Amino acid sequence: LGNVIDVNLMLQLASARDNFSLKNMYIVLNKTDHGYHQFLVPWDTDQSLGVVWSHEKKDFDHDYLRALKERIQRKETVAMVALHPDYYQMEAVRWQELRQWLLVEEDMLRYVDETYGYLADSGAVERDEKRWGVRYQNSYHQPEDTISALKRYIGARLEYLDGYYAELLENEQ
C-alpha cells in the first residue's frame, strides 16, 4: 500500500502519462527475511513533467495547461480504494509528509541544476544534441529552454498538488 501511494504521488507530480497503466511499469520482487515484497517501478517517462503527446503535431510538445492541472485516475488506485476506503486521505497525508523533507521545491530545483551540470560536464548533453541534430534543436528539447521550462513546471505542479491535497483533506473533515 505504501509503495502504491508513493508511486502514485510520483506519477502525479511528474504528470507521467505513459505510466498511468501498468504497460510502462516494472514489477520488482525483493526477497527479505520475511518473504517477498513487490514494488512498482515506473519507466519510459518521456511524456512527463509538462511534456505531452500532441496529436496535432504528431510529436511531443510542452502543453502546461493540459499537464499542469490534471490528476489522472489510475486503474490500480480504483482497486486500492475498494480495499482501503480512506486511500485518498492516506495519499494526501503522505503528500504533505513528503513535502516537508523530500519534495522541497528548492532542493528539487537544485537537483535539476546539479544533474544538468553533471550531464553537460560529462559530454552527454553535447552527444545528445549531435545524435538528434536539427529535429532535436527545433522541438521542445532546446537546451537553453529545457531547464527553465522544467523548473517552471516543477514549481507550478507542486503548487497545484499542494492545493489539491489540502482541499481533499479539508473536505474530509
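Residues numbered from 1 in each chain as written. Predicted model: local features only at pLDDT ≥ 70, side-chain atom pairs only at ≥ 80, totals over all residues. Heavy atoms only, no water.

Undergrad: How do you make sense of the environment of Tyr87 when you look at a structure like this?
TA: Considering the arrangement of structural elements, one finds Tyr87 in helix 4 (residues 87-101). Residue Tyr87 is classed as buried on the basis of its relative accessible area, which comes to 0%. Along the sequence, Tyr87 and Ile5 sit 82 residues apart, while their C-alpha atoms lie 8.4 Å from each other. In contact with Tyr87, not counting residues within four places along its chain, are Leu1, Val4, Ile5, Asn8, Thr77, Met80 and Val81. (Helix = DSSP H or I, 4+ residues; strand = E, 2+ residues; numbered from the N terminus. Buried < 20%, exposed > 50% of the residue type's maximum accessible area, 1.4 Å probe, protein only. Contact = heavy atoms within 4.5 Å.)

Undergrad: Which parts of the structure should I look at to understand the packing of aromatic side chains?
TA: In this description, an aromatic ring pair is defined by two values, namely the gap between the centres and the angle between the planes. Here the structure, examined in full by the defined rule, presents three aromatic pairs. Measuring from ring centre to ring centre gives 5.7 Å for Tyr87 and Tyr88, while their planes differ by 80°; the resulting arrangement is edge-to-face. One aromatic cluster in this structure is built from Trp95, Tyr164 and Tyr165. (Phe/Tyr/Trp six-rings, centres within 6.5 Å; stacked < 30°, edge-to-face > 60°.)

Undergrad: What's the story with the confidence of the model for the protein chain in this structure? I'm lost.
TA: Keep in mind that low pLDDT regions are not for reading the predicted coordinates in detail. A residue-level look at the protein chain finds 88% of positions with pLDDT of 70 or above and a mean pLDDT of 83. Mean pLDDT across the elements of the protein chain bottoms out in helix 6 (residues 124-138) (66) and peaks in helix 4 (97). A low-confidence stretch, residues 134-144 (pLDDT under 50), is modelled with 18 contacts involving residues beyond four sequence positions or located in other chains. (pLDDT = per-residue confidence, 0-100.)

Undergrad: Honestly, the nonpolar core in this entry has me stumped. Any pointers?
TA: The nonpolar side chains of soluble globular proteins are, as a tendency, buried together. Judged by nonpolar contacts, the single largest core of 20 residues is most densely connected at Leu13 and Trp95. If you list the elements that add at least two residues to this core, you get helix 1 (2-14), helix 4, helix 5 (105-122) and helix 7 (143-172). Broken down by element, this core gets its largest block of residues, eight residues, from helix 7. Non-local contacts of Trp95, meaning those with residues more than four positions away in its chain, are made with Leu9, Leu13, Leu103, Leu158, Leu161, Asp162 and Tyr165. Listed in part, the seven residues of the second largest apolar core include Leu11, Ala16, Met25 and Leu40. (Core = buried A, V, L, I, M, F, W, Y, C linked by side-chain atoms within 4.5 Å.)

Undergrad: Explain helix 5 to me, please; I cannot follow it from the model alone.
TA: For an α-helix, 3.6 residues make a turn, and residues three or four places apart therefore share a direction. The end-to-end C-alpha distance of helix 5 is 26 Å, a good match for the 26 Å that 18 residues give at a rise of 1.5 Å each. Immediately downstream of helix 5, the backbone of Gly123 shows phi near 95°, a positive value. (Expected span 1.5 Å × (residues − 1).)

Undergrad: Looking at this structure, I do not really get the pattern of salt bridges. What am I missing?
TA: Between side chains of opposite charge, a pair can form when the charged atoms approach closely. The tally for this structure, following the rule as stated, stands at six salt bridges. For Arg94, the salt bridge identified is with Asp6, shortest N-O distance 2.7 Å. A residue pair is termed long-range when its members are at least 10 positions apart, and Arg94 in helix 4 and Asp6 in helix 1 qualify at 88 residues. In this structure, Glu126 and Lys130 form a salt bridge, with 3.2 Å as the shortest nitrogen-oxygen distance. (Salt bridge = Lys/Arg side-chain N within 4 Å of Asp/Glu carboxyl O.)

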